[in-house]
Amino acid sequence: MSQSGLRRLPGLGLSTQVLFVLCLVYLVMYIDRVNVATVAPRMTADLRLSNTQFGLAVSAFAYPYAMFQLIGGWVSDRFGPHRALLVCGFVVCAATLCTGWVGGLSSLIAARLALGFGEGFAFPTATRTLSAWIPRSRWGFAQGITHSASRLGNVLTPPLVAGLMFYTSWRGSFVVLGLLGLSWMALWAWIHCDDPRRHQGITDQELALLPPERPERGGNAAAVPWLRLARRMLPVTAVDFCYGWTLWVFLTWLPTFFFQSFHLDLKHSALFSSGVLFGGMIGDTVGGIISDWLYRRTGSLTIARSNLIAVGMLGAFCFLIPVVVTHDLTTVALCLSGACFFSELVVAPIWSVPMDIAPRYAGSASGMMNFGFGIAGIISPVVFGGLLDLTGSWAIPFYGSIGLLLVGAGLSFFMHPGRPLESSP
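Rules behind the numbers
Residues numbered from 1 in each chain as written. Predicted model: local features only at pLDDT ≥ 70, side-chain atom pairs only at ≥ 80, totals over all residues. Heavy atoms only, no water. Helix = DSSP H or I, 4+ residues; strand = E, 2+ residues; numbered from the N terminus. Rg over C-alpha atoms; globule rule 2.2 N^0.38 Å. Buried < 20%, exposed > 50% of the residue type's maximum accessible area, 1.4 Å probe, protein only. Contact = heavy atoms within 4.5 Å. Areas by Shrake-Rupley, 256 points an atom, 1.4 Å probe, with all protein chains shown as cover. Lys, Arg positive; Asp, Glu negative; His and termini not counted. Charge placed at Lys NZ, Arg CZ, Asp CG, Glu CD. Patch = residues over 30% accessible without salt bridge, like charges linked within 9 Å, V, L, I, M, F, W, Y side chains within 5 Å. Salt bridge = Lys/Arg side-chain N within 4 Å of Asp/Glu carboxyl O. Expected span 1.5 Å × (residues − 1). pLDDT = per-residue confidence, 0-100. Polar contact = N/O pair within 3.5 Å; in protein donor to acceptor, adjacent residues only side chain to side chain. Disulfide = S-S within 2.5 Å.

Q: Whenever I open this one, the overall build of the protein confuses me. Can you help?
A: In terms of regular secondary structure, the protein is built from 18 helices and 0 strands. Relative to a compact globule of 425 residues, whose C-alpha radius of gyration would be 22 Å, the protein shows 20 Å and is just as compact. Projected onto its principal axes, the C-alpha coordinates of the protein cover approximately 60 × 45 × 40 Å. Scored against the burial criterion, the 425 residues of the protein give a buried share of 60%. Sequence separation of at least 24 residues holds for 86% of the intrachain contacts in the protein that already meet a minimum separation of 6. Carbon and sulfur atoms provide 70% of the accessible area of the protein, an area that totals close to 15400 Å². Distance between charge centroids for the protein: 4 Å, based on 26 positive and 19 negative side chains.

Dropping the structure here:
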């Protein structure tokens, strides 16, 4: 799109508009990512899939998702996020539509692979956008509110999909959701450009608050210090893996957990799942606000990022323990909500760390970090489903999440977000 064709919404600053569209991106993409969890009881019955097979199909998403974290981060640094995110959107819409037409395990795996390919580019590309369009003092809030929008997608998905299934079928729900993605794509094409300084609608006051101008497109990617950046990001990737394991459990198994363990019908399973994920949505926003407040108050990125991540993981650890030692529905639901809230406190600070460490290579750095989340998505659904089929117990797979939360809390102190890449040896 030419710069002369760019528009702005009345009454809002351009940075706020771009942030709003990114929130919509995260919302819709997470709906498309987790919708299979709500239809799981009907889908597995119709397609005659075991828990292990369903976990395998869900985890297929994470193979290209993990791989394209690295490639997508580089693409957004090299060619700019505008075109990269539009390509993501078209692929995600097509993959979601195709999920409604699957006939068995193989075609379901193929649809999930395509979805993972499309979404693999998205979040590193969005982080690259935030590093250019959002003032540094609001990076924590920006990461928190965008990921809160994704968790809003988690909250809305169970009742939304259950309602669509009532009026159509589980297959028809995917068709409707696939078309929903066109909404954010239209706004993105209309409002966004890669360099805010070239946007015809930006004001001098807004420009004064933005991060320093980065080199011309292409200059960053050619100079990415891959090995040095990878060494710095490795602890962050490990922490993201530990966090991601538990989130994948929530995203994949909550409706089935309530359906099988407490014998709820699909409608009530969806409502309880939404209630748990609502706690996570609050946690994302609160985590971003607290992270920015701690940074302004102390000037320490270690306190604002690493300490807050450790608190979130330890809090989730404490709340998951009652889930495996009691069978009272109210207690379990409340504790799962608390665990989801605390685990999501991690999101804003951990997504800010790549921008802290390597603001010039935010796309590549965040892709390296979220590679850990992708690997967790490959392993967690399959291991959880396999242990469930093998033991018939929900407690044993949950113990894996509890242990990894402790590991992640310890590893968070090795990230060193206050040590920029440029000053590292």
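Q: Even after reading the chapter, I still don't get a nonpolar patch on the surface, so can you show me in this structure?
A: The grouping of Ile-321, Val-325, Ile-396 and Tyr-399 at the surface amounts to a nonpolar patch, some 370 Å² of accessible area in total. Mapped onto the nonpolar patch, the elements with two or more residues apiece are helix H14 (301-325) and helix H18 (395-411). Here Ile-396 shows up in helix H18. Classification of Ile-396 as partly exposed rests on a relative accessible area of 39%.

Q: For this particular structure, what's the right way to read the pattern of salt bridges?
A: Pairing between side chains becomes possible if they bear opposite charge and their charged atoms approach one another. Summed over all chains, the structure comprises 5 salt bridges. As a salt-bridge pair, Arg-151 and Glu-344 come within 2.4 Å of each other at their nearest N and O atoms. Here Arg-151 is found in helix H7 (residues 139-167), whereas its partner Glu-344 is found in helix H15 (residues 329-344), with 193 residues between them in sequence. With a closest N to O distance of 3.9 Å, Arg-197 and Asp-195 form a salt bridge. Linked by salt bridges that have partners in common, Arg-151, Asp-284 and Glu-344 make up one network.

Q: Looking at this structure, I do not really get the environment of Gly-55. What am I missing?
A: Within the secondary structure, Gly-55 sits in helix H2 (residues 51-60). Separated by 327 residues in the primary sequence, Gly-55 and Val-382 have C-alpha atoms spaced 4.7 Å apart. Gly-55 has contacts with Trp-253, Pro-381 and Val-382, leaving out every residue within four places of it along the chain.

Q: Please clarify how helix H6 (residues 122-133) should be interpreted in this entry.
A: For H6, spanning 12 residues, the distance from its first C-alpha to its last is 16 Å, which sits close to the expected 16 Å at 1.5 Å a residue. The buried fraction of H6 is high, at 12 of 12 residues. Taken together, the buried positions of H6 are Ala-122, Phe-123, Pro-124, Thr-125, Ala-126, Thr-127, Arg-128, Thr-129, Leu-130, Ser-131, Ala-132 and Trp-133.

Q: Sorry, what's going on with the confidence of the model for the protein here?
A: Predicted coordinates in areas of low pLDDT are best not read in detail. On average, residues of the protein score 86 in pLDDT, and 94% of them reach the 70 mark or higher. Summarising per-element confidence for the protein, the mean pLDDT is lowest in helix H11 (residues 219-222) (44) and highest in H14 (95). Counting contacts from residues 1-6, a segment whose pLDDT is below 50, to residues more than four positions away or on other chains yields 15 contacts. When the criterion is pLDDT under 50, residues 216-222 qualifies, and its contacts beyond four places in sequence or with other chains add up to 15 contacts.

Q: What is the right way to look at the side chain of Glu-206 in this model?
A: As for its placement among the helices and strands, Glu-206 is situated in helix H10 (residues 204-209). Look at Glu-206 and you get buried, because its relative accessible area is 14%. Within the local environment of Glu-206, its side chain forms a polar contact with the backbone nitrogen of Leu-14, the two atoms lying 2.5 Å apart.

Q: How should I be thinking about the state of the cysteines in this particular structure?
A: Disulfide: a covalent bond formed between the sulfur atoms of two cysteine residues. Counted under the stated rule, the structure contains 0 disulfides. Note on Cys-93: no disulfide assigned, nearest cysteine sulfur contributed by Cys-88 at a separation of 11 Å. Here Cys-193 is not cross-linked by a disulfide; its sulfur's nearest cysteine counterpart is in Cys-88, at 18 Å. With relative accessibility at 4%, the residue Cys-193 sits in the buried group.

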